[in-house]
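One-letter residues, chain by chain:
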Amino acid sequence: METRIWAYQIIPGTDELLFYAATEELCRSEAQKQRADIKSIVSGHVGPLAPMALYQVILREMTVPEIIGVLNGEISLSDASTLSRSVVGHID
């Protein structure tokens, strides 16, 4: 079984941290709010911000060994369950 969710880069230009949402609309809305917050904090202190990538993420069902690996901290939930991730847009 596959499940589709959405994600955006919390830190513009890097995939180190992602925010996840159930719908593209919610994900896009949250990304726009966060982008506005970041701009208000760093305005005049840094150069232009990189765009924040918006992703469609396809998750797959995990096996028992994968679930145990996640619970034991040996693998991240994202690494264990992500089947694919593709850029569907950017928040500027």
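Residues numbered from 1 in each chain as written. Predicted model: local features only at pLDDT ≥ 70, side-chain atom pairs only at ≥ 80, totals over all residues. Heavy atoms only, no water.

## Focus on the overall build of the protein
Next, step 1: Helices and strands together make up the secondary structure of the protein, namely three helices and four strands.
Next, step 2: Going from N to C terminus, the protein has its helices and strands arranged as β-β-α-β-α-α-β.
Next, step 3: Dimensions along the principal axes, computed over C-alpha positions, put the protein at roughly 50 × 25 × 15 Å.
Next, step 4: Across the 92 residues of the protein, 27% fall into the buried class. (Helix = DSSP H or I, 4+ residues; strand = E, 2+ residues; numbered from the N terminus. Buried < 20%, exposed > 50% of the residue type's maximum accessible area, 1.4 Å probe, protein only.)

## Some thoughts on the pattern of salt bridges
Next, step 1: For the structure on display, the rule yields four salt bridges.
Next, step 2: Here Glu66 ties to Arg60 by a salt bridge, and the two come within 2.6 Å at their closest N and O atoms.
Next, step 3: Residue Arg60 is classed as partly exposed on the basis of its relative accessible area, which comes to 27%. (Salt bridge = Lys/Arg side-chain N within 4 Å of Asp/Glu carboxyl O.)

## Some details on helix 1 (residues 24-42)
Next, step 1: Here helix 1 spans 27 Å end to end across 19 residues, near enough to the 27 Å set by a 1.5 Å rise per residue.
Next, step 2: Buried residues of helix 1: Cys27, Ala31, Arg35 and Ile38, and no others. When helix 1 is viewed along its axis, its buried side chains cluster within an angular range of 70° and face the same direction. Across helix 1 from its buried face, at more than 90 degrees, point the exposed residues Glu25 and Ser40.
Next, step 3: Considering only its buried residues, helix 1 is in contact with strand 1 (2-9), strand 2 (18-21), strand 3 (52-60) and strand 4 (82-91). (Expected span 1.5 Å × (residues − 1). Arc of directions from axis to C-beta. Contact = heavy atoms within 4.5 Å.)

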